[in-house]
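Here's the letter readout for the chains.
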Amino acid sequence: MLDQSTQDKTLANAIRFLSADAVQAANSGHPGMPLGMADVATVLFSKHLKFDASQPDWADRDRFVLSAGHGSMLLYSLLYLTGYPEMTLEQIKNFRQMGSITAGHPEYGHAPGIETTTGPLGQGLAMAVGLALGERMANARYGDDLVDHHTYAIAGDGCLMEGISQEAISFAGHQGLSKLIVLWDDNAITIDGSTDVSTSEDQIKRFEAAGWATLSVDGHDMAAIDAALSQAKNQDKPTLIACKTVIGWGAPTLAGTAKTHGAPLGAEEIAGMREALGWAGEAFETPAEVLEAWRAIGARGQGEFAAWSERFANAPQEQRDAWQAAYGSGDTSALNDAIAAHKKALAKDMPKVATRKASENTLNAIADAVPGFVGGSADLTGSNNTKAKSQEPVQKGAYGGAYIHYGVREFAMGAIMNGLALHGGFRPYGGTFLVFSDYMRPAMRLAALMGTPVIYVLTHDSIGLGEDGPTHQPVEHVASLRAIPNLQVWRPADALETAEAWQASLANTSGPCVLALSRQGLPALRASTKKENLTAKGGYILSGDKSERDVTLMATGSEVELAVAAAEKLAEKNIKATVVSMPCLEAFDTQRSSYQLDVLGDAPVLAIEAGIDQGWYKYADDVVCMESFGASAPAGELFKHFGFTAENVAARAEQLIADLDVEALLNSEGK
């Protein structure tokens, strides 16, 4: 019978050889990290991680995030070995192949056990912070009997070099997220070679300065790893465990070199590794007794899951109802009733307000009607108007609140919101200026890729913000966000559209949404007490005739009022202009073609938006748009200077009609 140390190494070697074989078969991948961190992962999964492979969605499981996502075969090997049903040996053999669930980097939704999409370095670490925050917030709501789990993340040198890591560890330390444990793969190697060519900082002191506990171990001493994890679980703050490892451990000639990072080891090197480690199995072959031991590890949590299920069944009905509402009942009746009541008040008052203020008013109306609703801002609460009156702040030791002060950390905010959404039980939204979405964009892209229902409240949406000038005036941002697949960008024109945009965004559970909101006051353009949500259609006729029209004026946000005013000026010249409000191009594109044709009509279309024209020629014949950066001046002067006036829009519409008439005449004569 093998002693415990030898048995643990054998278990770890199963990870090593599956990883090396899969990368070799694919002729693509990153074997070095799985080989180097196999010992750490084995100790974590076999002795500490609370999970049940047969219940991958168990709400109180520990979360494991592979922030260093390039080492994806480490995770896939663990999922196969521990018995996750969908992670078959065939999937391991098809690593990085079309149609397989074993993508080059872990992708959320491809297979149970993949908690989040990782690969862009540092984001996994920040999402782990969000998962750990979600655990503390859920614990404050439901108690230790239902919520008491850890979040573990493996991060590499690259993760810690990325700027988002500083934002994330600073936030986690400030919040005292004691259930978060980060295992640093301290192998001192990146693609360019030794890390000393690019960095010399002391990571231990860095984490300690941010309020973390720190431990250091030999990443190949499994007893030491076990002891460190036990110690970390008893800290009152987040913990970094620096695991000193050898990248490509076990490879006879390449271990410790950058050559193992991102390329197959080669058949000869793998054969040498088999001989050196005494591994008799052929490629992809795990000895039966080793696989049996791993499957026992995967079943180890069945008793804990059964005990948790019993506790849940015996919890008070009120608590279970609250849980079900937050964790996915899909009942939106309370929200719809709140929106209906709010729309009725708006129809009565017809307020002229900035849409950022209209958003705040909507939040006050709906905050208590959305289970798990959690807001926040990157240090711009008073400017973004993101805090509802009923929301208390989330603070260290007081996690029962519903509003998060992220500090000036836009990128981390985006990633942490992804983590909150992935944890379950929460519907996060967060605010910053639209121009600063550039800081957050990589997290927004991952949200769209994963389909996490995060909402971004992005205010000061155009040159209309005025005197702060072109550094703060978004010009290209709305178009650039529209370019991200599966991201809905809403730019409402008044208070009513803002309320309906919130309702539509909350109805979208398969991807993120942007609310692009104005700094300046906008008049009420439509009064409606109907339950029908016209804004949710993405585009609709605001005024004018569906059939009898000479021109269609199409606009979003603050420019819709310009379209209305221009239509009135055109009417004075007996030109029939139909005004179309287009708050969300992505939503409009999902409507049936007959509806789209009714809205667009067959007359010339002039689009108006205080941003670049990218994307508009799909619908329009001409665009009144921004063709440069803005300037520092009062908003009214800026709109006039850049041609956003009713007079100019009307003139451009007349010119468009004339140009198309001439073109039609020339075409007919050409025949």
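All figures in this text were calculated on a predicted structure; none of them were measured in a lab.

Criteria and thresholds
Residues numbered from 1 in each chain as written. Predicted model: local features only at pLDDT ≥ 70, side-chain atom pairs only at ≥ 80, totals over all residues. Heavy atoms only, no water. Helix = DSSP H or I, 4+ residues; strand = E, 2+ residues; numbered from the N terminus. Rg over C-alpha atoms; globule rule 2.2 N^0.38 Å. Buried < 20%, exposed > 50% of the residue type's maximum accessible area, 1.4 Å probe, protein only. Contact = heavy atoms within 4.5 Å. Areas by Shrake-Rupley, 256 points an atom, 1.4 Å probe, with all protein chains shown as cover. Salt bridge = Lys/Arg side-chain N within 4 Å of Asp/Glu carboxyl O. Polar contact = N/O pair within 3.5 Å; in protein donor to acceptor, adjacent residues only side chain to side chain. Phe/Tyr/Trp six-rings, centres within 6.5 Å; stacked < 30°, edge-to-face > 60°. Lys NZ or Arg CZ within 6 Å of the ring centre and 35° of its normal.

(A) Fine view of the overall build of the protein chain. A tally of regular secondary structure across the protein chain gives 25 helices and 20 strands. Whereas a compact globule of 671 residues would reach a radius of gyration of roughly 26 Å, the protein chain reaches 28 Å, a difference of no more than 12%. Classification of the 671 residues of the protein chain by burial places 60% in the buried group. If you take every contact in the protein chain between residues at least 6 apart in sequence, the share linking residues at least 24 apart comes to 78%. Just so you have it, the protein chain exposes about 25,500 Å², and 49% of that area is on carbon and sulfur atoms.

(B) Seen up close, the pattern of salt bridges. In total, this model carries 22 salt bridges according to the counting rule given. Linking arginine 61 and glutamate 115 is a salt bridge whose minimum nitrogen-to-oxygen distance equals 2.8 Å. With arginine 61 in the loop between α2 (32–48) and β1 (63–66) and glutamate 115 in the loop between α4 (89–93) and α5 (123–142), this residue pair connects regions lying 54 residues apart in the sequence. Residue class for arginine 61 comes out buried when judged on its relative accessible area of 10%.

(C) Layout of the environment of serine 19. Secondary-structure assignment places serine 19 in helix α1 (residues 4–26). Sequence separation of serine 19 and phenylalanine 95 is 76 residues, and the distance between their C-alpha atoms is 9.5 Å. Within the structure, serine 19 has its side chain in polar contact with the backbone oxygen of isoleucine 15 (distance 2.8 Å).

(D) Summary view of the packing of aromatic side chains. Evaluated as defined, the whole model comprises 24 aromatic pairs. Ring plane angle 10 degrees and centroid distance 4.2 Å describe the contact between tryptophan 323 and tyrosine 327, whose orientation is recorded as stacked. On the basis of relative accessible area, tryptophan 323 is assigned to the buried category, the value being 5%. Ring geometry for phenylalanine 433 and phenylalanine 436: centres 5.8 Å apart, planes at 25 degrees, overall stacked. Phenylalanine 436 carries the same exposure label as phenylalanine 433, and that label is buried. Taken together, Trp58, Tyr142, Phe305, Trp308, Phe312, Trp323 and Tyr327 form an aromatic cluster joined through their ring pairs. In this structure, lysine 9 packs its charged tip against the face of tryptophan 249, placed 4.6 Å from the ring centre. The ring of tyrosine 595 has lysine 537 lying over it, and the distance from NZ or CZ to the ring centre is 5.1 Å.

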